[in-house]
Amino acid sequence: MMVSYPLGEWTLAFDRAYRVVRDDTTAVVLDEDRTALVLLSLTETGNLRIERTYYAMICEIDAAERKAVFHTTEELG
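The structure contained in this document is the topic of the report that follows. Predicted model, so just to flag it, every value in this text is computed and none were measured.

## Brief notes about the overall build of the protein chain
Scanning the protein chain for helices and strands turns up zero helices and eight strands. The linear arrangement of helices and strands in the protein chain, starting from the amino end, is β-β-β-β-β-β-β-β. Computed over C-alpha atoms, the radius of gyration of the protein chain comes to 12 Å, within 12% of the 11 Å expected from 2.2 N^0.38 for 77 residues, which places it in the range of a compact globule. Considering only C-alpha atoms, the protein chain reaches an extent of 40 × 25 × 20 Å along its principal axes. A sequence separation of at least 24 residues applies to 26% of the contacts in the protein chain between residues at least 6 apart.

Put into structure tokens, the structure is as follows:
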């Protein structure tokens, strides 16, 4: 099950339901403990910028469809 959130013309999809705090150009993805997992923003030209990831995730980006899909992975330890 993928959960989707809009950010500008982009769609952000996650394999879990997270809380997403966003405005027109920036999004912060939070887990149930309010830990920031991903910080994203849009550039001046509308491209997606992944500012930082704080969690073990794989991101697949489809620029043609303007979609970023995030999959949670097991942390390496």
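Following the structure, the description resumes.
## Details of the pairing of strand 2 (residues 10–14)
The element strand 2 is extensively covered by neighbouring structure, given that four of its five residues are classed as buried. With five bridges connecting them, strand 1 (residues 3–7) and strand 2 associate as antiparallel partners. Bridging across to strand 2, Y5 finds its partner in L12. Counted between consecutive antiparallel strands, the loop separating strand 1 from strand 2 contains two residues, among which G8 sits at a positive phi close to 60°. Summarising the sheet, strand 2 and strand 8 (residues 67–72) pair through four bridges and their orientation is parallel. Considered in strand 8, the bridge of T11 is made with K67.

## Overview of the pairing of strand 6 (residues 48–53)
In this structure, strand 5 (residues 36–42) lies alongside strand 6, joined through five bridges in antiparallel fashion. Within the sheet, the bridge partner assigned to V38 lies in strand 6 and is T53. Where strand 5 hands over to strand 6, the hairpin turn is made up of five residues, of which G46 adopts a positive phi near 90°.

## Examining the pattern of salt bridges
According to the stated counting rule, one finds two salt bridges in the structure shown. The salt bridge partner of E9 is R66, with a shortest N-O separation of 3.6 Å. Of this pair, E9 sits in the loop between strand 1 and strand 2 while R66 sits in the loop between strand 7 (57–62) and strand 8, and the two are 57 residues apart along the sequence. E9 sits in the exposed class, given a relative accessible area of 63%. For E51, the salt bridge goes to R49, with nearest N and O atoms at 3.8 Å. Assessed through its relative accessible area of 39%, E51 is described here as partly exposed.

Conventions used here
- Residues numbered from 1 in each chain as written.
- Predicted model: local features only at pLDDT ≥ 70, side-chain atom pairs only at ≥ 80, totals over all residues.
- Heavy atoms only, no water.
- Helix = DSSP H or I, 4+ residues; strand = E, 2+ residues; numbered from the N terminus.
- Rg over C-alpha atoms; globule rule 2.2 N^0.38 Å.
- Contact = heavy atoms within 4.5 Å.
- Buried < 20%, exposed > 50% of the residue type's maximum accessible area, 1.4 Å probe, protein only.
- Pairing = 2+ DSSP bridges.
- Salt bridge = Lys/Arg side-chain N within 4 Å of Asp/Glu carboxyl O.

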